[in-house]
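Residue strings, one per chain:
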Amino acid sequence: MPTLVSHPDEVKVISRRFGQGAADIDRYLELDGYKAVQKAIAEGPDWIINVMKASGLRGRGGAGFPTGLKWSFVPKQSEKPKYVLVNGDESEPGTCKDHVIFLHDPHAIVEGTMIAGLAIGAKMGFIYLRGEYRYLLKIVEKAVADAYAKGFLGKNIFGSGIDFDIVTQSGAGAYEVGEESALMESLEGKRGVPRIKPPFPAVVGLYGGPTVINNAETIASVPHILLMGGEEYAKIGSERNGGTRLFGISGHVERPGVYELPMGYNLKKAIYDVAGGIKDGKKLKAVVPGGSSCPVLLPEEIDVGLDFDQMGKAGTMLGSGGIVVLDETVSIVEFALRTISFYQHESCGWCIPCREGTDWIKKTMTRIYNGGGNKKDAANIQYLAENMMGRTFCPLGDAAAMPTLGFIKKFRKEFEEYIEGNKAGTPIITVQQLVGAH
Amino acid sequence: MSTITNSIFTPETAARFDHLVTLYPVKRSALVPMLLYAQDEVGYVSDAVVAEIAQRLDLLELDVRNVLSYYSMLRTKPAGRYNVQVCTNISCMLRGGYEILDHCKHKLGIGHKEVTADGVFSLEEVECIGACCWAPAMQVNYDFHDNLTTVKVDEIIETYRAGKGKDVK
């Protein structure tokens, strides 16, 4: 069972109800539960969207698109039914924040889904969880069933004359389905391959109807924002990056865990103060700051604020908020190989640059790691990765190319040491294991 | 009453599937979860499972197989009663995920995607399971076990071997 952690620098907004039994609907009601949705009904869709815009909340899945703006793109009039889709297919390596929300505050997801539905005029919402999260799916299913039993869901919610239904859905193992259009394909009972955009989901989404798709953490933030007010929420964060975020700090730190920190919080402080510094007093070698797809940062680059813009300026991404910390013993070649092996395994094969690119990078890196690398291999990896960028339907190609480019550029010397036959670092896994893995 | 006569599923699962298809604007939307729930009951997605699900959703068996082959949790061969899935992705790898996998291989005497002779355990190396902050982690069927050590793994495996492990379905 995930252990809850705490630090004085945390600002508990989304995590306010964690550890308080809020998965129980009566307890959730005691903790201001389902007040935000009633306020939303009273104030109406334009008010909801304005509050969301004022909050500065940006998509917590990783893209960082302003949530209020996304909702405002959905046409008011539509012949086809509109839908709300909650993306709980959390699969980005290094990311386990939604896991904690589903476990501790599932009703916040239910309530947030209802509010999103009210904002865009949808009558139906789907909460999609990755297949591995079965025990969490059961918690969310119970939350939905309890909300129906209280009359909060279904016909005429809170006497508003508005009907709203929620269906929970299980995936069955596929990283690619975390991409919004692939998720819609999966929910339509198909292979989870991406759709071409435009049209964007706000116009043509699930079953061809206008669809808002938001990450689970984004949706869980919504009720809190409505209760505290958009401006108040925005104030907690940094410029153009409202509020707080759940950061999962993992890898070589003393106190790994999911911490809720204000947007813009310093990455170095997050690692050294909040997570207790590098494990066993070792030295820091590198940080992958927002899930495995984000370009790596060197120790001298981590004095930077954790928000979408500052991380972008630092040449990386805020991503999913999964901060992975590597100490001095890690072989970057090995780590880069493990990373690309994941993307090679998960590439859905729909777009050739991604399918072939991930495969060739994995093969080349395996050769380097094996000690049989050619002189041109490092340059070839860079060439392959650069040619994947921006050439695929969905961001998986970029997600594989970006960290690869980070590793190969910032740790070029280490790759060359392998190529020249002078291995660096202490391997923590053997080649046979890696090669045999997939 | 199930809409399918001679269903291969238990009456509970058949009733659940009857209900499931009514939830969506399009029946086919039930396909992915239905395959997984069928696998939970039968142990794998057998030909008979494919045939009945195709019938329930008015799909060709080919449509069902096309989707089936996409998702990594779905299998067309039986696994052990307890499928041990060890994560070796980055966060787990940094905290000993490969040592845990090696230990399981040694302890169970099987490799990746193999089943023990008595059919009790199978082993799988899996990608990130979303337990990064509590790494290294593994799942036995759907149950999470985290902050693993080799000693803890031994205890977990013995608990399941004795039939006392938790088994969420």
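Please read these numbers as outputs of a predicted model, since none were measured by experiment.

Structural notes on the pattern of salt bridges
Here the idea is simple: oppositely charged side chains can pair when their charged atoms come close.
All names here are of chain A.
In step 1: Applying the stated criterion across every chain yields a total of 37 salt bridges over all chains.
In step 2: Here Lys279 and Asp280 are joined by a salt bridge, their closest N and O atoms 3.4 Å apart.
In step 3: Across the pair Arg367 and Asp377 runs a salt bridge, and its minimum N-O distance is 2.8 Å. Residue Arg367 is found in helix H14 (residues 352–370), and its partner Asp377 is found in helix H15 (residues 377–388); the two are separated by ten residues along the sequence.
In step 4: Given the relative accessible area of 1%, Asp377 is considered buried.
In step 5: One network of salt bridges, with partners in common, ties together Glu185, Glu188, Lys190 and Arg195.

Remarks on the domain arrangement of chain B
In step 1: The domain boundaries assigned to chain B delineate domain 1 (11–68) and domain 2 (82–161).
In step 2: A straight line from the C-alpha centre of domain 1 of chain B to that of domain 2 of chain B covers 29 Å.

Some words on the domain arrangement of chain A
Residues and elements named next belong to chain A.
In step 1: Domain boundaries in chain A define domain 1 (14–236), domain 2 (244–327) and domain 3 (332–436).
In step 2: Each of domain 1 and domain 3 has a C-alpha centre, and the two are 36 Å apart.
In step 3: At the junction of the two partners, domain 1 supplies twelve residues and domain 3 supplies ten residues.
In step 4: Taken over both partners, the interface formed by domain 1 and domain 3 buries close to 910 Å², and the fraction arising from carbon and sulfur atoms is 74%.
In step 5: In this structure, the connection of domain 1 to domain 3 is made through zero salt bridges.
In step 6: Summed over the shared surface of domain 1 and domain 3, the number is two residue pairs in polar contact (both at pLDDT 80 or more).
In step 7: Among the residues forming the side of domain 1 that touches domain 3, the class breakdown is six nonpolar, two polar and four charged.

A word on the interface of chain B and chain A
Interface size, as often reported, equals the accessible area lost upon joining of the parts.
In step 1: At the interface, 48 residues of chain B touch 72 residues of chain A.
In step 2: Sorting the residues of chain B by area buried against chain A places Tyr70(B), Leu94(B) and Trp134(B) first, and these three jointly supply 15% of that buried surface.
In step 3: Scanning the region where chain B abuts chain A turns up two salt bridges.
In step 4: Two residues, Glu127(B) and Arg338(A), come together in a salt bridge whose shortest N-O distance is 3.0 Å.
In step 5: One can count 25 residue pairs in polar contact (both at pLDDT 80 or more) joining chain B with chain A.
In step 6: For the side of chain B that touches chain A, the secondary structure elements donating two or more residues are helix H2 (31–42), helix H4 (61–68), helix H5 (90–94), helix H6 (97–108) and strand S3 (121–126) of chain B.

What counts and how
- Residues numbered from 1 in each chain as written.
- Chains lettered and ligands numbered in written order.
- Predicted model: local features only at pLDDT ≥ 70, side-chain atom pairs only at ≥ 80, totals over all residues.
- Heavy atoms only, no water.
- Salt bridge = Lys/Arg side-chain N within 4 Å of Asp/Glu carboxyl O.
- Helix = DSSP H or I, 4+ residues; strand = E, 2+ residues; numbered from the N terminus.
- Buried < 20%, exposed > 50% of the residue type's maximum accessible area, 1.4 Å probe, protein only.
- Domains from an automatic or database assignment.
- Contact = heavy atoms within 4.5 Å.
- Buried area = accessible area lost by both parts, 1.4 Å probe.
- Polar contact = N/O pair within 3.5 Å; in protein donor to acceptor, adjacent residues only side chain to side chain.
- Nonpolar A, V, L, I, M, F, W, Y, C, P; charged D, E, K, R; others polar.

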